[in-house]
Amino acid sequence: MTNEQKKLGRRDFIGTAAAAAGFMIIKPQLVRGTAANSAIRLGLLGCGHRGTGVATSFANNTTARVTALGDLFQDQLEKGKKHFDDIAASKAYSGIDPKLMFRGPHAYEQMANSSELDMIQISTPDFFHPEHLDAVVTAGKHVYCEKPAGVDVTGSKRILEIGRKVDGRLSLEIGFQIRSAPPYVELIKRIHSGAIGRIDCIAGYYHATRNAYPPRGPNASPMELRIRNFYWDRVLSGDIIVDQSIHVIDICNWALKAHPLKAVGSGGRNLPDADWGNYWDHFDIVYTYPDNVHVSLNHFQGGDSLWDVSERFFGPKGVAEAHYSGVVGIYGDEPWEWEGSTSQVTSQPGHANIYAVHRGGGAERTAGVFHDALQFADAEKDKAFIASIVSGKYHNQAAKGVESALSAQLGRMAAYTGREVTWDELLASNQTYDPRVEGIDLSEFESS
Ligand SMILES: NC(=O)c1ccc[n+]([C@@H]2O[C@H](COP(=O)([O-])OP(=O)(O)OC[C@H]3O[C@@H](n4cnc5c(N)ncnc54)[C@H](O)[C@@H]3O)[C@@H](O)[C@H]2O)c1
């Protein structure tokens, strides 16, 4: 126990140990004491860009304290310790206890089984999400798991099953923070209330700067290089459509309250740095949703200057539009514009013009550093998640997360194969990225 934990005494903390013995979780409101001992003990698994960003948001916006860290690599752990010790010092509580720092391929199991934690935030590369999530909920911990909920059909089905198993017993959140961004929440509410009429068609795009180059870890082994640069790796990331366009797809599913029934698509790799990694830098997908609603998705990830992510919803009464950095609004019979839409990062209403805002490329982007429309997304999501734990009204985003992951995989399968693929065919394929076949072996990281 850390000094701080000793000071707080033996806290109830969401019945972590009890939960390990078969999900017998004590209702937190029954056992939680004074405000002083209401801190949720958060373990961060994956101390990279996004993980650090989200855990910092938890530390700054909620009662959660980052009390444990896990990572495959020592340097990442040390960076994380310094960062979260500084936060702890600024808030006058203890930093990370070195005993609660877990390194190596089994860090996720050690964290999952620690009786010193109430929740775990999984921010590891996408390929590992199902396995890490399974261990965490099996040990009875609440979990915030980054998107995507699986890079292959088998992984996504596994997460769906995990979600069923823990429903009502634990909070399980998937990292779609845009569903908590106030401008998007208002826009979708208005769309659902009929502000543009029935959605006929959606045009979505994800235009991003190329992945930061050169790859991280030039003297690393081939496996370490792959892991440290997983965004370049189709299997570890699911490719850019499953890793990143998934946000656009998730917003379309949210607006349409459905998932696509089929997809056609194409894509490829046109990179100047084509000598490293195997991800595609562009995808063009046409999805068909129920009632013959069409969604066209264009993803391009290249160059250094433009970064913009948007959806345009067309209906008989108007058009709704949303950008991460820029306009979120409705034009037509029931006009509305989010008041932040005319901020300095947009040069003209109606057109997100964010040249230079995201200059710096992949490093800043992958850190999840967004502006304007997403400004409060993490804070809102994190507050709601912690409230769900404290109140015992648990969240379960597994099914929605899986639906969006499979929707992205549907587009990927259509593009990779160059033919129409249906939802049913995708599910029946049980597509599996087998670590043995894909050469993913972490045993070299066992000892330091
Ligand atoms: N919701 C969003 O907007 C958003 C934005 C960016 C990234 N993400 C997601 O966050 C996750 C992390 O992305 P990132 O940009 O932080 O990547 P990153 O490479 O910066 O961080 C990943 C961390 O995980 C560690 N790691 C790798 N394999 C591990 C393993 N098997 N066990 C333990 N630790 C391991 C790495 O050493 C690194 O510290 C990804 O799933 C990504 O899709 C989400």
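Here is a short report on the structure shown in this document. Along each chain, residues carry numbers from 1 onward, in the same order as the chain's sequence is written. With pLDDT at 70 or above as the cut-off, local features in this predicted model cover only qualifying residues; side-chain atom pairs require 80 or more to be listed or tallied, and sums for whole chains, interfaces and linings still use all residues. The side-chain values count all of the structure's non-hydrogen atoms but skip hydrogen atoms and water molecules.

## Brief notes about the pairing of strand β11 (residues 308–315)
Logical step 1: We call a residue buried when its accessible area falls under 20% of the maximum for its residue type, exposed when it is over 50%, and partly exposed in between, using a 1.4 Å probe and counting protein chains only. Strands here are runs of E lasting at least two residues and helices are runs of H or I lasting at least four, both read from the DSSP assignment and numbered beginning at the N terminus. Most of β11 is tucked away, with six of its eight residues classed as buried.
Logical step 2: Strands are labelled as partners when DSSP assigns at least two bridges between them. In the sheet, strand β7 (residues 201–208) pairs with β11 via seven bridges, with the strands oriented antiparallel. The residue of β11 that forms the bridge with C201 is F314.
Logical step 3: Counting the residues that bridge the hairpin from β11 to strand β12 (residues 318–323) gives two residues.

## Notes on the sheet that holds strand β6 (residues 172–174)
Logical step 1: The sheet built from six strands is open, its strands ordered β3-β2-β1-β4-β5-β6 with parallel pairing. Looking along the sheet, the strands with just one partner apiece sit at the ends: β3 (101–103) and β6. Neighbour to neighbour, the strand axes of the sheet diverge by 15° on average, direction disregarded.
Logical step 2: Note: strand β1 (residues 41–45) against strand β4 (residues 119–122), four bridges, orientation parallel. Residue pairing across strands places G43 opposite I120, the latter belonging to β4.
Logical step 3: Note on definitions: a residue-residue contact is assigned when non-hydrogen atoms from the two residues lie within 4.5 Å. Axes, fitted as lines to C-alpha atoms, cover a helix only where it is in contact. Angles between the N-to-C directions of the axes lie from 0 to 180 degrees. Against the sheet, helix α5 (residues 74–90) touches β1, β2 (65–71) and β3, its axis set at about 170° to β2.

## Remarks on the pattern of salt bridges
Side chains that differ in sign of charge can pair as their charged atoms come close.
Logical step 1: Between Lys or Arg on one side and Asp or Glu on the other, a salt bridge is scored when a side-chain nitrogen of the former is within 4 Å of a carboxyl oxygen of the latter. For the structure shown, the criterion picks out 23 salt bridges.
Logical step 2: Across the salt bridge formed by D243 and K147, the nearest N and O atoms sit 3.6 Å from each other. One end of the pair, D243, is in helix α12 (residues 239–256); the other, K147, is in the loop between β5 (142–145) and α8 (153–166), with 96 residues separating them in the sequence.
Logical step 3: For D243, a relative accessible area of 2% gives the class buried.
Logical step 4: Since its relative accessible area comes to 11%, K147 is described here as buried.
Logical step 5: The closest approach of N and O atoms between K383 and E380, which form a salt bridge, is 3.4 Å.

## Comments concerning helix α15 (residues 398–417)
Logical step 1: By definition here, a helix of n residues has an expected span of 1.5 Å times n minus one. For α15, which comprises 20 residues, the first-to-last C-alpha distance of 28 Å matches the rise-based estimate of 28 Å (1.5 Å per residue) to within 8%.
Logical step 2: With 16 of its 20 residues buried, α15 lies for the most part within the structure.

## Some thoughts on unusual backbone geometry
Backbone phi values are negative for most residues with the exception of glycine, while trans is the configuration of most peptide bonds.
Logical step 1: Note that the residue after K147, namely P148, is joined by a cis bond; omega there is -5°.
Logical step 2: Summarising the element assignment, P148 is placed in the loop between β5 and α8.
Logical step 3: Despite not being glycine, D239 has its phi angle at roughly 80°, a positive value.
Logical step 4: With respect to the helices and strands, the residue D239 is situated in helix α12.
Logical step 5: Since its relative accessible area comes to 0%, D239 is described here as buried.

## Focus: the environment of R269
Logical step 1: Looking at where R269 falls in the secondary structure, it is placed in the loop between β8 (262–268) and β9 (282–289).
Logical step 2: Whenever two N or O atoms come within 3.5 Å, that pair is a polar contact, provided that in protein one can donate a hydrogen and the other can accept it, and provided that, for residues adjacent in sequence, both atoms are side-chain atoms. Side-chain polar atoms of R269 contact the backbone oxygen of G277, separated by 3.2 Å.

## Digging into the packing of α8 against α15
Logical step 1: Running from N to C, α8 and α15 point in directions that differ by 170°, and their axes come no closer than 9 Å. Classified by the interaxial angle, the pair formed by α8 and α15 is roughly antiparallel. Residues V153, S156, I159, L160 and G163 of α8 touch α15, and the partners they reach there are A398, A399, V402, A405, L406 and Q409.
Logical step 2: Following the grouping adopted for this structure description, the nonpolar residues are Ala, Val, Leu, Ile, Met, Phe, Trp, Tyr, Cys and Pro, the charged ones are Asp, Glu, Lys and Arg, and the polar ones are all others, Gly among them. Considering only residue class, the contact of α8 with α15 consists of eight nonpolar, three polar and no charged. We call two directions roughly parallel when the angle between them is under 35 degrees, roughly antiparallel when it is over 145, roughly perpendicular when it lies between 65 and 115, and oblique otherwise.

## Digging into the site of the ligand
Logical step 1: Residues are counted as near a molecule or strand when any one of their heavy atoms sits within 4 Å of it. As a matter of local geometry, the ligand sits amid 30 residues, with R50, D71, Q76, D126 and Y231 nearest to it.
Logical step 2: Measuring from an oxygen atom of the ligand, one finds a side-chain N or O atom of Q177 at 2.8 Å.
Logical step 3: A distance of 3.3 Å separates an oxygen atom of the ligand from a polar atom in the side chain of H247.
Logical step 4: Under the convention used here, a 1.4 Å probe and the Shrake-Rupley method define accessible areas, while residue burial counts only the protein chains that appear. In isolation the ligand offers 850 Å² of accessible surface; the protein chains occlude 97% of this area.
Logical step 5: Elements represented by at least two residues in the shell around the ligand include exactly α4 (49–61), α7 (129–138) and α12.
Logical step 6: Sorting elements by how many residues they give to the shell around the ligand places α4 first, with three residues.
Logical step 7: Along the lines of polarity and charge, the residues of the shell around the ligand split into 10 nonpolar, 13 polar and seven charged.

## Side note on the sheet that holds β12
Logical step 1: Strand order across the open sheet formed by nine strands is β14-β13-β12-β11-β7-β10-β9-β8-β15, with mixed pairing between neighbours. Every interior strand has two partners, whereas the edge strands, β14 (336–337) and β15 (421–422), have only one.
Logical step 2: Against the sheet, α12 contacts β7, β9, β10 (293–301) and β11, and its axis sits at roughly 150° relative to β10.

## Quick word on the packing of α4 against helix α14 (residues 377–391)
Logical step 1: Axis separation between α4 and α14 bottoms out at 9 Å; the angle between their running directions is 65°. In this structure, the crossing between α4 and α14 has a hand that is right-handed. Taken together, the residues of α14 that come into contact with α4 (itself represented by R50, V54, S57, F58 and N61) are D378, A379, D382, K383, F385 and I386.
Logical step 2: Residues that form the contact of α4 with α14 fall into these classes: five nonpolar, two polar and four charged. Helix crossings get a hand from a simple test, with the near helix turned counterclockwise from the far one by less than a right angle marking a left-handed crossing and a clockwise turn marking a right-handed one.

## Looking at helix α9 (residues 182–192)
Logical step 1: For α9, the set of buried residues is P183, Y184, L187, I188 and I191. All buried residues of α9 lie within an arc of 125° about the axis, which places them on one face of the element.
Logical step 2: Looking one or two residues beyond α9, the residue adopting positive phi is G194, at roughly 95°. Starting at the helix axis, one direction is taken to each C-beta atom, and the arc is that of these directions.

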